[in-house]
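Architecture at a glance
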Amino acid sequence: MVKAIIAGSAGEKKLLLGNEAIARGALEAGISSATAYPGTPSTEIIEAIAEVARDYGIYVEWSTNEKVALEIGIGVSMMGLRALVAMKHVGLNVASDPLMSLGYTGVIGGLVVVSADDPNAHSSQNEQDNRIYGIHANIPVFEPSTVQEAKDLTRELFDLSEEFQMSVILRTTTRLAHSRSQVVFGEVVRPNREAVFHRDPEKWALLPPYNLAKHRDVLVKLDKLSEHLSSFRFNTVEKVDGDVAVVTSGVAYNYVKEALEELDLALSVFKLASVYPLPRKLALEALSYGKVIVVEELEPVLEWQLKVLAYEEGMKAEIHGKDLFPRVGELNKELVKAGLSRALGIRYEAPPAVMPSVELPRRPPVLCPGCGHRSTYYAVKIAAQRLRVKPVYANDIGCYTLGFYPPYQMADFTWSMGSSIGIGLGIARFSKEPVVAFIGDSTFFHAGIPALINAVYNRTPMLVIVMDNGITAMTGHQPHPGSGVGVFGEEKPAIRIEEVARAAGVKFVEVVDAYDIIAMRDAVERAIKYMREAGEPAVIVSRRPCALMVLREKRRRGESIKRYTVMKEKCINCGICVDRFACPAIVREGDGKVTIIPDLCTGCGVCATICPAKAIREVEVDE
Ligand code: SF4
Ligand code: SF4
């Protein structure tokens, strides 16, 4: 959890992350509700709001998934209140069903949907450009360029949302979400509206008699908004003499400014915070220049719209964009300098890439020491060997995705939330080898349950192993419906995964301690035999709290932490602990002998149980 950094009075200046600035902007807008599913690079928005939510009377939660988070936001808006909904870019895919209808219905209370996109796919399965979702869903899209603007724009978008009765997408990118800069605070508005359900079946019911009219209405609204946005204060023009204009948005604006300065160029710059719809008058003004250079990350969203407008209006501007700048990955100052130089026929030599003086060894990402996922993988592998089967390993999104890397290599595919079971269903229909799907606890609640129900209902034999570490670990330990705590750490009724599986109709359900390799191995063997004989799915819940969370709690309580050590005289140097089990706390020394790095060891003790020579034992260590 972050500190309550977004608290403070009007006029105060604080160094905030882009995400914290969005949270502060939402406070200044007087939101009543903030909902989200955690996902990098969006997570800190809700974390920051949660720190102050009780003081301001804001409802805040980590929702089961992004669709639910958005649906709650829509409901709050129907009550005439303001709601913020946050998610990472791929989360909007999950929320896209209600989103597409939200474009038609519009809103009452201001509703801002933050989509934190991840150009370069730093921590994501793709780098989709969610500005296109706005076009697809008839929902306006805005993009801040600086951290200060992230706060101010968030606040004002709630007003705009209510004025036009449209929800809006606030699109950020990793660079902005995780940049830190000084922000000047405005006034916080405590939610003080009376909640009243706005009963209006014609507005809210997406039924055949109304749907086409709604579609027509939203197109008219978008046209009106496009006119309005030409005087929107976040769309700015920095004019200089000359016949070349640069049109840009988001963080790309900052690269443009730096590039122009370093190239000693003076060009007019149109910075568009509203990327859809385009501010019509401003766009026409930009197109009145002889040459228009569009600088934007990922897809040519501004470029496409400008080209269409130029064609419709018979304007002859030479429009450049993705012919100069890459469509893949993040932009940076050098790429922008190179592109601008090409467009203007300037000689420019990019500086040679700076090579670090020390070549760091390339290491695949690894599961943490003491992680229960490692022992689960280890046990499943042994079970498969003993049964002489070569399972198709279906993997999902979470820490356990790291099972993809050696030595485990137990992810034949990893796709999107819940897909290990869903795609596994398709494979299991035709595969002679068993399908073993791994899914985390949070991901199970997020999107795994419907696919599991499908497996039961359609009698699909597959083994689903839910790796339950009690928390949404990968994104920084946010609670989920199985955690038994809420966003403030308050007690909640934990929903047990095994009970959900049984209620869904799974007849083979076992819960195993993830550290107990023998028990896990035996359970997996029983489960695979069961699913083959019965032709039905089996579920094993592999349970152990996240090792990092346990360590943190122990340290907080001042408890001692166990450590393990290798007794060199007993070690037969078989390499099982280091090469096959691969706990990162166990390494080989210069003489080839294995040793345990005490500072990395979490004291889980699993290595002691797998060592055939019984050469690993517990030691007392004072913290
Ligand atoms: S006890 Fe063994 S397996 Fe567990 S963290 Fe320490 S070295 Fe790794
Ligand atoms: S598993 Fe045991 S015997 Fe084998 S290398 Fe590790 S400590 Fe030595």
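Everything that follows concerns the structure shown earlier in this document.
Notes on the structure follow. Each residue is numbered by its place in its chain's sequence as written, counting from 1. Lettering of chains starts at A and numbering of ligands starts at 1, both following the order in which they are written. Reporting in this predicted model follows two pLDDT cut-offs: at least 70 for local features of residues, and 80 or more for side-chain atom pairs to be given and counted; totals over whole chains, interfaces and linings ignore these cut-offs and use all residues. Side-chain measures here rest on the full set of heavy atoms in the structure, leaving out hydrogens and waters.

**Comments concerning the packing of aromatic side chains**
A pair of aromatic rings is counted whenever rings of Phe, Tyr or Trp (Trp by its six-membered ring) have centres within 6.5 Å, and the orientation is called stacked for planes under 30 degrees apart, edge-to-face for over 60 and tilted otherwise. Throughout the structure, instances matching the rule amount to 10 aromatic pairs. Through successive ring pairs, a cluster of aromatic residues spans Y377, Y393, Y408 and F438. The ring centre of F185 lies 3.9 Å from the NZ or CZ of R24, which sits over that ring. It is K203 that lies over the ring of W204; its NZ or CZ is 5.1 Å from the centre. Remark: a charge is flagged as sitting over a ring if the NZ atom of Lys or the CZ atom of Arg is within 6 Å of the ring centre and within 35 degrees of the ring normal.

**Re the pairing of strand β19 (residues 508-513)**
Of the strand pairs in this sheet, β19 and strand β20 (residues 538-543) are connected by 6 bridges, and their pairing is parallel. Bridging across to β20, V512 finds its partner in S542. If the strands point away from the viewer and the path from the first strand over the helix to the second runs clockwise, then the crossover is right-handed. In this text, helices come from DSSP runs of H or I with a minimum length of four residues, and strands from runs of E with a minimum of two, each type numbered from the N-terminal end. On the question of chirality, the crossover connecting β19 to the parallel β20 by way of helix α19 (residues 517-534) is right-handed. Strand pairing is assigned whenever DSSP identifies at least 2 bridges connecting the two strands.

**Here we look at the nonpolar core**
Soluble globular proteins tend to bury their nonpolar side chains together. Nonpolar cores are built from buried Ala, Val, Leu, Ile, Met, Phe, Trp, Tyr and Cys residues. Side-chain atoms within 4.5 Å join them into one set. Any residue under 20% of the maximum accessible area for its type is buried, any over 50% is exposed, and the rest in between are partly exposed; the area is computed with a 1.4 Å probe on protein chains only. Counting residues in hydrophobic clusters, the biggest one holds 113 residues, and the most contacted among them are I49, L84, L157, V295, V336 and L340. The leading source of residues in this core is helix α2 (residues 44-56), at 8 residues. Beyond its immediate chain neighbours, meaning those up to four positions away, V336 contacts Y255, V256, A259, V295, F325 and L331. A contact between two residues is defined here by any heavy atoms of the two lying within 4.5 Å.

**Some thoughts on the environment of H122**
With respect to the helices and strands, H122 occurs in the loop between β5 (111-117) and α6 (131-137). For the pair H122 and E330, spaced 208 residues apart in sequence, the C-alpha separation works out to 9.9 Å.

**Some details on helix α16 (residues 419-430)**
Expected helix span is given by 1.5 Å per residue-to-residue step, counting one fewer step than there are residues. With 12 residues, α16 ought to run about 16 Å at 1.5 Å a step, and its terminal C-alpha atoms sit 17 Å apart, in line with that. Buried within α16 we find S419, S420, I421, G424, L425 and A428. Looking at the buried residues of α16, the elements they touch are β15 (392-395), β16 (413-414), β17 (435-440), α17 (441-457) and β18 (463-468).

**So, the side chain of R521**
Here R521 shows up in helix α19. The exposure class assigned to R521 is buried, which follows from its relative accessible area of 16%. Engagement of the side chain of R521 in a polar contact is seen with the side chain of D522, the distance being 3.0 Å. Leaving out residues up to four positions away in the same chain, R521 has contacts with A379, I382, A383 and R386. Pairs of N or O atoms are called polar contacts if they sit within 3.5 Å, as long as, within protein, a hydrogen donor faces a hydrogen acceptor (for residues adjacent in sequence, only side-chain-to-side-chain pairs).

**Thoughts on the pattern of salt bridges**
The rule for a salt bridge is simple: a side-chain nitrogen of Lys or Arg has to be within 4 Å of a carboxyl oxygen of Asp or Glu. What the rule picks out here adds up to 44 salt bridges. E227 is the salt-bridge partner of R280, the closest N and O atoms lying 3.8 Å from each other. Here R280, found in helix α12 (residues 280-287), pairs with E227, found in helix α10 (residues 208-228); they are 53 residues apart in sequence, far enough to count as distant. What makes E227 partly exposed here is its relative accessible area of 40%. We note a salt bridge from E334 to K337, for which the minimum N-O separation is 3.7 Å.

**Quick notes on the layout of surface pockets**
Of the volumes computed, that of the largest pocket is approximately 780 Å³. A cavity here means a set of points on a 1 Å grid, drawn over the protein atoms and nothing else, where a 1.4 Å probe fits but cannot get out; a pocket is an open set with protein on both sides within 12 Å along at least five of seven lines, and a residue lines either one if it has an atom within 4 Å of a point. Around the largest pocket, the lining is made up of 36 residues, and of these Q125, I397, G398, M417 and M474 lie nearest the centre. Residue assignment for the lining of the largest pocket shows that the elements contributing at least two residues are α4 (89-94) and α17. Grid points are joined across faces, edges and corners, and a volume is the space filled by probe spheres set on the points.

**Some thoughts on the sheet that holds strand β9 (residues 236-238)**
One open sheet accounts for 5 strands, arranged β9-β11-β10-β13-β14; its pairing is mixed. One side of each edge strand has no neighbouring strand; the edge strands of this open sheet are β9 and β14 (318-320). Here the average twist between neighbouring strands, direction ignored, is 20 degrees. Looking at chain direction, strand β13 (residues 291-295) and β14 are connected through 3 bridges and run parallel. When the bridges of β14 are listed, I293 appears paired with H320. Note on geometry: axes are C-alpha line fits, over the in-contact stretch for helices, and angles between N-to-C directions span 0 to 180 degrees. Its contacts with the sheet place α12 against β9, β10 (244-248), β11 (268-271), β13 and β14, and it is angled at close to 155 degrees to β11. Strands β10, β13 and β14 of the sheet are contacted by helix α13 (residues 301-313), whose axis makes an angle of about 165 degrees with β14.

**Observations regarding α12**
Taken as a whole, α12 has its buried residues at L282, A283, A286 and L287. For α12, the buried positions fall inside an angular range of 140 degrees around the axis, keeping them on one side. Buried residues along α12 sit in contact with β9, β10, β11, β13, α13 and β14. In this description, one arc is meant: the one made by directions from the helix axis to the C-beta atoms.

**Section: the packing of helix α1 (residues 18-28) against α2**
When two helices pack together, their arrangement is captured by the angle between the axes and the distance separating the axes. Running from N to C, α1 and α2 point in directions that differ by 35 degrees, and their axes come no closer than 7 Å. In this structure, α1 crosses over α2, and the sense of that crossing is right-handed. Judged by residue contacts, N19, E20, I22, A23, A26 and L27 of α1 engage E44, I45, A48, I49, V52 and Y56 from α2. Taken together, the residues that form the contact of α1 with α2 break down as 9 nonpolar, 1 polar and 2 charged. By the definition used in this description, the sense in which the near helix is turned from the far one sets the handedness, with an anticlockwise turn below a right angle giving left-handed and a clockwise turn giving right-handed. Throughout, the ten residues Ala, Val, Leu, Ile, Met, Phe, Trp, Tyr, Cys and Pro are labelled nonpolar, Asp, Glu, Lys and Arg are labelled charged, and all others, Gly among them, are labelled polar.

**Observations regarding the site of ligand 1**
Proximity is defined per residue: any heavy atom of the residue falling within 4 Å of a molecule or strand makes that residue near it. Taken together, 14 residues lie near ligand 1, and C583, C601, C604, G605 and C607 sit nearest. Within the shell around ligand 1, the residues separate by chemical class into 10 nonpolar, 4 polar and no charged.

**Points about the sheet that holds strand β4 (residues 83-88)**
With respect to topology, 7 strands assemble into an open sheet ordered β3-β2-β4-β5-β7-β6-β12, the strand pairing being mixed. Looking at which strands have only one partner, the edges of the open sheet turn out to be β3 (59-62) and β12 (274-276). Sheet topology places strand β6 (residues 141-142) next to β12; 2 bridges connect them, and they run antiparallel. Following the sheet pairing, V141 is matched in β12 by Y276. Sheet strands touched by helix α7 (residues 147-164): β4, β5, β6 and β7 (168-173). Its angle to β7, the strand with the most contacts, is close to 160 degrees.

**Some remarks on the side chain of K291**
Along the polypeptide, K291 turns up in strand β13. The residues contacting K291, other than those within four sequence positions of it, are D243, V244, A245, E318, H320 and A343.

**Things to note about the packing of α1 against α7**
Contact geometry for α1 and α7: axes closest at 7 Å, N-to-C directions at 30 degrees. When the interaxial angle is binned, α1 and α7 end up roughly parallel. The two elements α1 and α7 meet at a crossing, and its hand is right-handed. From α1, G18, A21, I22, R24, G25, A26 and E28 reach across to α7, where they touch V147, A150, K151, T154, R155 and F158. Looking at the contact of α1 with α7 residue by residue, the class counts come to 6 nonpolar, 3 polar and 4 charged. Just so you know how the angles are binned, under 35 degrees is roughly parallel, over 145 roughly antiparallel, 65 to 115 roughly perpendicular, and the rest oblique.

**Details of unusual backbone geometry**
Residue P41 is bonded to the preceding T40 through a cis peptide linkage, with omega at 10 degrees. Here P41 lies in the loop between β2 (33-36) and α2. Cis geometry is found at the peptide bond from P406 to P407, where omega equals 0 degrees. Relative to the elements of secondary structure, P407 occurs in the loop between β15 and β16. In this structure, A121 takes a positive phi of about 45 degrees despite not being glycine.

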